[in-house]
Amino acid sequence: MGYIETNVDEKTTDLSRARQSLIEELQAIMWYDERISATKNKALREVLMHNRDDEKEHAMLLLEWMRRNDVPLNKKIKEILGKSKDLSKLWD
Ligand SMILES: [Fe+2]
C-alpha cells in the first residue's frame, strides 16, 4: 500500500488499509469473473463462482467497517444506496 505522506494518524492509516483492501477484493472479483467467463470446465467454473461470491462478502464487510468509521461516507451511503430513484436524481 503506497502512502504519499509519512506522518499519518492511526485513524487515517486504518481507513487507508480498509480502502486498499476493498480495492483488492474488487480486483479479485474482476479476475474471478474473467476466469469464469473463460473456462470451459463446469466444475472449475462452479468453484470460481463460489470463490468470487466469497470475495463479494469480504468487500461488503470492508465497506461496512468503512461506513462505521467514515462519517461522510456513511452519510452518502444513506443518501444513495438502496434507493429506487433514477441515478441522475441521486447526486447533488
Ligand atoms: Fe477476499
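Our structure is the block above this text.
Notes on the structure in this doc start here. (Residues numbered from 1 in each chain as written. Predicted model: local features only at pLDDT ≥ 70, side-chain atom pairs only at ≥ 80, totals over all residues. Heavy atoms only, no water.)

Structural notes on the overall build of the chain
Scanning the chain for helices and strands turns up three helices and zero strands. For a compact globule of 92 residues, the expected C-alpha radius of gyration is about 12 Å, and the chain comes in at 17 Å, more than 25% above that figure. Dimensions along the principal axes, computed over C-alpha positions, put the chain at roughly 45 × 40 × 20 Å. By the burial criterion, 24% of the 92 residues in the chain qualify as buried. Looking at the chain alone, contacts between residues at least 24 apart form 43% of all its contacts between residues at least 6 apart. Of the roughly 7,400 Å² of accessible surface on the chain, 56% is carried by carbon and sulfur atoms. (Helix = DSSP H or I, 4+ residues; strand = E, 2+ residues; numbered from the N terminus. Rg over C-alpha atoms; globule rule 2.2 N^0.38 Å. Buried < 20%, exposed > 50% of the residue type's maximum accessible area, 1.4 Å probe, protein only. Contact = heavy atoms within 4.5 Å. Areas by Shrake-Rupley, 256 points an atom, 1.4 Å probe, with all protein chains shown as cover.)

Let's talk about the pattern of salt bridges
Evaluated as defined, the whole model comprises eleven salt bridges. Across the pair Arg-17 and Asp-14 runs a salt bridge, and its minimum N-O distance is 2.8 Å. Linking Arg-17 with Asp-14, this pair stays in helix α1 (residues 10–38), spanning three residues, or about one helical turn. Residue classification places Arg-17 among the partly exposed residues on the basis of a relative accessible area of 44%. Between Glu-46 and Lys-42 there is a salt bridge whose closest N-O contact spans 2.6 Å. With Glu-46 and Lys-42 both in helix α2 (residues 42–69) and four residues apart, this pair spans about one turn of that helix. Exposure remark for Glu-46: the relative accessible area of 45% places this residue in the partly exposed category. In the salt-bridge network here, residues are joined through shared partners; they are Asp-33, Arg-52, Asp-53 and Lys-56. (Salt bridge = Lys/Arg side-chain N within 4 Å of Asp/Glu carboxyl O.)

Some words on the packing of α2 against helix α3 (residues 71–80)
Two elements in contact, α2 and α3, have axes whose closest approach is 6 Å; the angle formed by their N-to-C orientations is 115°. Overall, the two elements α2 and α3 adopt an arrangement that is roughly perpendicular. Facing α2, whose interface residues are Leu-63, Met-66, Arg-67 and Asn-69, α3 presents Val-71, Leu-73, Asn-74 and Ile-77. Partitioning the contact of α2 with α3 into residue classes produces five nonpolar, two polar and one charged. (Axes fitted to C-alpha atoms, helices over the stretch in contact; angles between N-to-C directions. Parallel < 35°, antiparallel > 145°, perpendicular 65-115°, else oblique. Nonpolar A, V, L, I, M, F, W, Y, C, P; charged D, E, K, R; others polar.)

A short note on the coordination of the iron ion
Glu-25 (OE), Glu-25 (OE), Glu-55 (OE) and His-58 (ND1) make up the full set of protein donors to the iron ion, lying at 2.0 to 2.7 Å. Its four donor atoms give the iron ion angles of 52 to 124° at the centre, a pattern that matches the irregular case. We note that the donor set of the iron ion lies within a single chain, spaced as E-x29-E-x2-H. Taken as a pair, Glu-25 in helix α1 and His-58 in helix α2 lie far apart in primary sequence, 33 residues in all. Given the relative accessible area of 17%, Glu-25 is considered buried. (Donors = N, O, S within 2.8 Å, 3.2 Å for Na, K, Ca; no water. Tetrahedral: all angles 85-135°; square planar, octahedral: opposite > 155°, others 65-115°.)

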